[in-house]
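Per-entry structural report
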Amino acid sequence: QVQLVESGGGLVQPGGSLRLSCVVSGSSFSTYDMGWYRQAPGRQRDLVAAITSGGSTNYADSVKGRFTISRDNAKNTVYLQMNSLKPEDTAVYYCHARTTFFPVHYYWGQGTQVTVSS
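Small disclaimer: the values here were computed from a predicted structure and weren't measured.

Brief notes about the state of the cysteines
Per the stated rule, a full pass over the model turns up 1 disulfide. Each sulfur of the disulfide joining C22 and C95 lies 2.2 Å from the other. Taking the sign of the torsion about the S-S bond as the criterion, the disulfide between C22 and C95, at about -85°, is left-handed. One end of the pair, C22, is in strand β3 (residues 18-24); the other, C95, is in strand β9 (residues 91-98), with 73 residues separating them in the sequence. Residues C22 and C95 agree in their burial class; the two are buried.

A short note on the nonpolar core
In summary, soluble globular proteins display a tendency toward joint burial of nonpolar side chains. Among the nonpolar cores identified, the biggest contains 28 residues, and L4, M34, W36, V78, L80, M82 and Y93 are the most heavily contacted of them. Only β3, β4 (33-39), β5 (46-51), β7 (67-72), β8 (77-82), β9 and β11 (112-116) provide two or more residues apiece to this core. Apart from residues lying up to four places away in sequence, Y93 is in contact with E6, L20, W36, Y37, R38, V48, F67, L80, M82, G111, T112 and V114.

Description of the side chain of D33
Here D33 shows up in strand β4. Residue D33 is classed as buried on the basis of its relative accessible area of 12%. Here S53 takes part through its backbone nitrogen, which lies 2.8 Å from a polar atom of the side chain of D33. Polar contacts involving the side chain of D33 include one to the side chain of R98, which spans 2.6 Å. Setting aside residues no more than four positions away along its own chain, D33 makes contact with I51, T52, S53, H96, A97, R98 and T100.

Regarding the packing of aromatic side chains
In the structure shown here, the tally under the stated rule is 2 aromatic pairs. Relative to W108, the ring of Y37 has its centre 4.9 Å away and its plane inclined at 65°; by these criteria the two rings are edge-to-face. A residue pair is termed long-range when its members are at least 10 positions apart, and Y37 in strand β4 and W108 in strand β10 (residues 106-108) qualify at 71 residues. With 6.4 Å between their ring centres and 90° between their planes, Y94 and W108 make a pair best called edge-to-face.

What counts, and where the lines are drawn
- Residues numbered from 1 in each chain as written.
- Predicted model: local features only at pLDDT ≥ 70, side-chain atom pairs only at ≥ 80, totals over all residues.
- Heavy atoms only, no water.
- Disulfide = S-S within 2.5 Å.
- Helix = DSSP H or I, 4+ residues; strand = E, 2+ residues; numbered from the N terminus.
- Buried < 20%, exposed > 50% of the residue type's maximum accessible area, 1.4 Å probe, protein only.
- Core = buried A, V, L, I, M, F, W, Y, C linked by side-chain atoms within 4.5 Å.
- Contact = heavy atoms within 4.5 Å.
- Polar contact = N/O pair within 3.5 Å; in protein donor to acceptor, adjacent residues only side chain to side chain.
- Phe/Tyr/Trp six-rings, centres within 6.5 Å; stacked < 30°, edge-to-face > 60°.

Everything listed here is a matter of coordinates, which is why it stays silent on function.
If you want it as structure tokens, here you go:
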């Protein structure tokens, strides 16, 4: 079973920065498409940023220019650098993996809380 473990969340003031990390178990990380999602209380879980196994990225409009997703295949890790944080970025952030070979599987991390408040 593939496991995803997030870290790096916490409390930060508006305008501050955080870097989230997600370590993925196993030997197939480089073949996975990876993503970061977030879910605020009473809201649905939405995609924040994604990176394919080939390194292509895409972002939600609300975070473009502020967040950067990256991956280090040697460390089985995907990152989310979050700058210029706003109170509306407050949510639980989840790491997501999708296999790119048949059969397709989806995996989630346990989530890490990010709170942006003064």
